[in-house]
Amino acid sequence: IRYPDELARYAEVSDFRLLAVTAGPDLRFQRAVGESKEFKDVGISREAFDNLVHSRSELDVPSLILRADKVINNEGGLQSLKQKIDQTLKAWRS
């Protein structure tokens, strides 16, 4: 979800919950250039990466994160992220 109107549409579903996953800019850049298989991110400079926050699809993300039912910090590895997601889903089901 990147836009408030998307959130409004999904929120019409009675059991909808928004899970936000965040990570700091240094780690996100490192992951983008180190693990990228998409042409758009191959060889991207740090300056260009940092400027992506000004793109249309990113402008509303900070306010959407504030509206999330749960925010997960993804500063660890993949296994840690999976555990946090599993814990969140279990909590939501109970």
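Please refer to the structure placed before this passage.
Remember, it's a predicted structure, so these values are computed and weren't measured experimentally.

## Quick notes on the packing of aromatic side chains
Evaluation of the coordinates by the stated rule reveals 2 aromatic pairs. Measuring from ring centre to ring centre gives 5.7 Å for Tyr10 and Phe16, while their planes differ by 20 degrees; the resulting arrangement is stacked. Where Phe29 meets Phe49, the ring centres are 5.3 Å apart and the plane angle is 65 degrees; that geometry is what we call edge-to-face. Of this pair, Phe29 sits in helix α2 (residues 25-34) while Phe49 sits in helix α3 (residues 46-51), and the two are 20 residues apart along the sequence. Here Phe29 and Phe49 have matching classes, each one buried.

## What about the pattern of salt bridges?
As enumerated under the stated definition, the model contains 4 salt bridges in all. For Arg2, the salt bridge goes to Glu58, with nearest N and O atoms at 3.3 Å. Here Glu58 lies in the loop between α3 and α4 (61-66) and Arg2 lies in the segment before α1 (4-10), a separation of 56 residues in the sequence. For Arg46, the salt bridge goes to Asp26, with nearest N and O atoms at 2.9 Å. Remark: Asp26 occurs in helix α2 and Arg46 occurs in helix α3; sequence separation between them is 20 residues. For Arg46, a relative accessible area of 28% corresponds to the partly exposed category. Asp26 gets classed as exposed once you look at its relative accessible area, which sits at 54%.

Rules and cut-offs
- Residues numbered from 1 in each chain as written.
- Predicted model: local features only at pLDDT ≥ 70, side-chain atom pairs only at ≥ 80, totals over all residues.
- Heavy atoms only, no water.
- Phe/Tyr/Trp six-rings, centres within 6.5 Å; stacked < 30°, edge-to-face > 60°.
- Helix = DSSP H or I, 4+ residues; strand = E, 2+ residues; numbered from the N terminus.
- Buried < 20%, exposed > 50% of the residue type's maximum accessible area, 1.4 Å probe, protein only.
- Salt bridge = Lys/Arg side-chain N within 4 Å of Asp/Glu carboxyl O.

Coordinates in, geometry out; function isn't part of it.
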